[in-house]
Amino acid sequence: MDVSIVNNDFYLSGMAALIGDIDKQLMVMLRDGRTFIAFLRSLDQFGNLVLHQAFERIIVGQQYADIPRGLFVIRGENVLLIGELDFHRPLRVPLYEVTIEEILKLQKQDLEKKDRIEKLRQKAMLEHGLVDEGNPIEEHY
């Protein structure tokens, strides 16, 4: 564990810095784009998290819905961002709550739209002699 001294105060670095956030409600963003809001109950040296009373927040445009997930364990390598929430501050962008069914439908439409745009982008790149090495075009092979 790495301990730093700044202004005569001790600070833990890395995942150890989250020890002070145990039992606080946090927002956790994952590499796959999902966002969870939950109480942090436990963590280890690998960044694995145990979340309690977790719910997944899906946001499409200015609409959102929360899907209850309960107790949730997240492998540390999947964590992109962790932040404490301040429910007393107003949101910069107003969000409107919708039902879970509505947000899942909106999410599906949004993903289909993004997929169509990506296919058009890949087609245009191929027509100009450019091949996206990170995302090969299956139809080309």
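Please read all numbers here as calculations on a predicted model, not as lab measurements.

So, how was this worked out
- Residues numbered from 1 in each chain as written.
- Predicted model: local features only at pLDDT ≥ 70, side-chain atom pairs only at ≥ 80, totals over all residues.
- Heavy atoms only, no water.
- 1 Å grid on protein atoms, 1.4 Å probe; cavity = no way out; pocket = protein on both sides within 12 Å on 5 of 7 lines; lining within 4 Å.
- Points joined across faces, edges and corners; volume = space filled by probe spheres on them.
- Helix = DSSP H or I, 4+ residues; strand = E, 2+ residues; numbered from the N terminus.
- Nonpolar A, V, L, I, M, F, W, Y, C, P; charged D, E, K, R; others polar.
- Buried < 20%, exposed > 50% of the residue type's maximum accessible area, 1.4 Å probe, protein only.
- Core = buried A, V, L, I, M, F, W, Y, C linked by side-chain atoms within 4.5 Å.
- Contact = heavy atoms within 4.5 Å.

**Student:** Help me out: how do you make sense of the layout of surface pockets in this one?
**Tutor:** It is the rolling of a water-molecule-sized probe over the atoms that shows where space remains empty. The calculated volume of the largest pocket comes to roughly 860 Å³. Only β3 (25-30), β4 (35-43), β5 (49-60) and α1 (100-127) provide two or more residues apiece to the lining of the largest pocket. With 5 residues, β5 is the largest single contributor of residues to the lining of the largest pocket. Taken together, the residues that form the lining of the largest pocket break down as 14 nonpolar, 3 polar and 10 charged.

**Student:** Explain unusual backbone geometry here, please?
**Tutor:** The bulk of non-glycine residues show a negative phi, and the bulk of peptide bonds are trans. In this structure, D23 takes a positive phi of about 75 degrees despite not being glycine. Within the secondary structure layout, D23 lies in the loop between β2 (9-12) and β3. Look at Q53: it is not a glycine, yet its phi comes out positive at around 55 degrees. Residue position: Q53 is located in strand β5. Using a relative accessible area of 46% as the deciding quantity, one classes Q53 as partly exposed.

**Student:** When you look at the nonpolar core in this model, what are you seeing that I'm missing?
**Tutor:** The nonpolar side chains of a soluble globular protein tend to be buried with one another. Judged by nonpolar contacts, the single largest core of 13 residues is most densely connected at V28, F36, L40, L49, L51, F72 and I74. For this core, the elements supplying multiple residues, two or more each, are β3, β4, β5 and β6 (63-74). Beyond its immediate sequence surroundings of up to four residues, L49 is in contact with M15, V28, L40, S42, L43, F72, V73, I74, V79 and I82. Counting 6 residues, the second largest nonpolar core, distinct from the first, contains I58, A65, I67 and I103.

Just geometry here; none of it tells us what the structure is for.
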